[in-house]
Amino acid sequence: MATASLPALPSRPLVLADLVPDVRARNAALVATGVLFTALMAQVAVPVPGSPVPITGQTLAVVLTAAALGPVRGVAVQVAYMACALVGLPFYSEASGGVDAVFGATGGYVVGFIPAAFLIGLAARRGADRTVLKSLPLFVAGQAVIFAVGVPWLAVAADMSAAQALDAGFYPFILGGIVKAAVAAAVLGTAWKFLRRRS
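None of these values were measured; they are calculated from a predicted model.

## Topic: the side chain of Asp18
Part 1 of the argument: Within the secondary structure layout, Asp18 lies in the segment before helix 1 (26-42).
Part 2 of the argument: In this structure the side chain of Asp18 is engaged in a polar contact, spanning 2.8 Å, whose partner is the side chain of Arg73.

Following this line, the structure appears as structure tokens:
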């Protein structure tokens, strides 16, 4: 009995989502799945003593969805994710949502998801997510973009000095960010390796 095989990978740069059959509802389904995945990962939350910012799985979800979906769909995921929370869906950490959650002290991090998703997705389109060695620095840089938006926002929203905002909203998250980047690099690298073998 013959077994079906995946089509050969196109020679042009692509992201993992481009391998999904191009049907009319494909992009909507991929974005909706990315939103739900980000919301699910947001519920993996560990409080940080003395900080209003918890350690969550959201940034891992941002990295994975952006790299897998590309810049346009990756950004669409994060914009839709924020919009869902704005209308009150419990998509943020600890099942929170609403205007206060979106624009509160931690809101800058979620706003930072948008440029991070664009930059990661754009680099993934050019093949930067294909191996661990290529993707690890990309994913670390993507999370740095999130902190570049989130920390100043935290300082303003929580009336903190720059040093206090760094202590509360950056330093405790460095190790976790590196670990999440490594996990994402391993996942994406393994997926691409598997697809190369199948093709």
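## Focus: the environment of Ala61
Part 1 of the argument: The topology assignment puts Ala61 in helix 2 (residues 58-69).
Part 2 of the argument: It is 8.7 Å that separates the C-alpha atoms of Ala61 and Ala184, two residues lying 123 residues apart in sequence.
Part 3 of the argument: Apart from residues lying up to four places away in sequence, Ala61 is in contact with Phe37, Thr38 and Met41.

## Points about helix 3 (residues 71-86)
Residues lying three or four places apart along an α-helix face the same way, a consequence of the helix completing one turn every 3.6 residues.
Part 1 of the argument: Its 16 residues give helix 3 an end-to-end C-alpha distance of 23 Å, which sits within 8% of 22 Å, the value for a rise of 1.5 Å per residue.
Part 2 of the argument: All of the buried residues in helix 3 are Pro71, Arg73, Gly74, Val75, Val77, Gln78, Tyr81, Met82 and Ala85.
Part 3 of the argument: Contact partners of the buried residues in helix 3: helix 1, helix 2, helix 4 (99-103) and helix 5 (107-125).
Part 4 of the argument: Downstream of helix 3 by a residue or two, Gly88 has a phi angle that is positive, lying close to 105°.

## As for the confidence of the model for the chain
Part 1 of the argument: Within the chain, residue pLDDT values average 91, and 93% of them lie at 70 or more.
Part 2 of the argument: Per-residue pLDDT, averaged within each element of the chain, yields its smallest value for strand 1 (residues 45-46) (90) and its largest for helix 3 (97).
Part 3 of the argument: Across residues 1-6, confidence stays below pLDDT 50; counting only partners more than four residues off in sequence or on other chains, it has four contacts.

## Looking at the packing of aromatic side chains
Part 1 of the argument: In this structure the tally under the stated criterion is five aromatic pairs.
Part 2 of the argument: Judged by centre distance (5.9 Å) and plane angle (85°), the ring pair of Tyr109 and Phe147 falls under edge-to-face. With Tyr109 in helix 5 and Phe147 in helix 6 (residues 132-157), the pair connects residues that are 38 residues apart, well separated along the chain.
Part 3 of the argument: Relative to Phe170, the ring of Phe147 has its centre 5.3 Å away and its plane inclined at 75°; by these criteria the two rings are edge-to-face. Of the two residues, Phe147 is situated in helix 6 and Phe170 in the loop between helix 7 (162-169) and helix 8 (174-198); the sequence distance between them amounts to 23 residues.

## Structural notes on the layout of surface pockets
Part 1 of the argument: The computed volume of the largest pocket comes to approximately 420 Å³.
Part 2 of the argument: Elements supplying a minimum of two residues to the lining of the largest pocket: strand 2 (55-56), helix 2, helix 5, helix 6 and helix 8.
Part 3 of the argument: Considering only residue class, the lining of the largest pocket consists of 14 nonpolar, 10 polar and two charged.
Part 4 of the argument: In this structure, the second largest pocket encloses a volume near 160 Å³.
Part 5 of the argument: If you go around the second largest pocket, the residues you meet are Leu16, Ala17, Leu30, Thr33, Gly34, Phe37, Leu64, Thr65, Ala68 and Leu69.
Part 6 of the argument: Among the secondary structure elements, those contributing two or more residues to the lining of the second largest pocket are helix 1 and helix 2.
Part 7 of the argument: Split into classes, the residues belonging to the lining of the second largest pocket amount to seven nonpolar, three polar and no charged.

## What about the pattern of salt bridges?
Part 1 of the argument: Scanning the entire structure with this criterion turns up three salt bridges.
Part 2 of the argument: Notably, a salt bridge pairs Asp18 with Arg125, separated by 2.6 Å at the nearest N-O pair. Placement of Asp18 in the segment before helix 1 and of Arg125 in helix 5 is noted, with a sequence separation of 107 residues between them.
Part 3 of the argument: Its relative accessible area of 17% is what places Asp18 among the buried residues.
Part 4 of the argument: Note that Arg130 is salt-bridged to Asp129, the shortest N-O span being 3.4 Å.
Part 5 of the argument: Taking the relative accessible area as the measure of exposure, Asp129 reaches 0% and is therefore buried.
Part 6 of the argument: In this structure, a network of salt bridges that share partners links the residues Asp18, Arg73 and Arg125.

Conventions used here
- Starting afresh in each chain, residues are numbered from 1 along the sequence in its written order.
- Thresholds applied to this predicted model are a pLDDT of at least 70 for local features of residues and 80 or more for the giving and counting of side-chain atom pairs; totals over whole chains, interfaces and linings are not thresholded and use all residues.
- To get the side-chain values, all heavy atoms of the structure are used, and hydrogens and water are removed first.
- By the criteria applied, helices consist of DSSP H or I runs no shorter than four residues and strands consist of E runs no shorter than two, each listed in order from the N terminus.
- Think of a polar contact as two N or O atoms within 3.5 Å of one another; within protein, one of them needs to be a possible hydrogen donor and the other a possible acceptor, and neighboring residues in sequence only count if both atoms come from side chains.
- Working rule for contacts: check all heavy atoms of both residues, and any pair within 4.5 Å makes them a contact.
- For a helix, the expected span equals 1.5 Å multiplied by the residue count minus one.
- Working definition: with a 1.4 Å probe on protein chains only, accessible area under 20% of the residue-type maximum means buried, over 50% means exposed, and in between means partly exposed.
- Along the chain, pLDDT gives the predictor's confidence residue by residue, from 0 to 100.
- Between rings of Phe, Tyr and Trp, where Trp is taken as its six-membered ring, a pair exists when centres lie within 6.5 Å; planes separated by under 30 degrees are stacked, by over 60 edge-to-face, and by other angles tilted.
- Only protein atoms enter the 1 Å grid used here. Points where a 1.4 Å probe fits but cannot escape make up a cavity, open sets with protein on both sides within 12 Å along at least five of seven lines make up a pocket, and a residue lines them when an atom lies within 4 Å of a point.
- Grid points are joined across faces, edges and corners, and a volume is the space filled by probe spheres set on the points.
- Side-chain classes are defined by residue name, with Ala, Val, Leu, Ile, Met, Phe, Trp, Tyr, Cys and Pro counting as nonpolar, Asp, Glu, Lys and Arg as charged, and the others, Gly among them, as polar.
- Each reported salt bridge corresponds to a side-chain nitrogen of Lys or Arg within 4 Å of a carboxyl oxygen of Asp or Glu.

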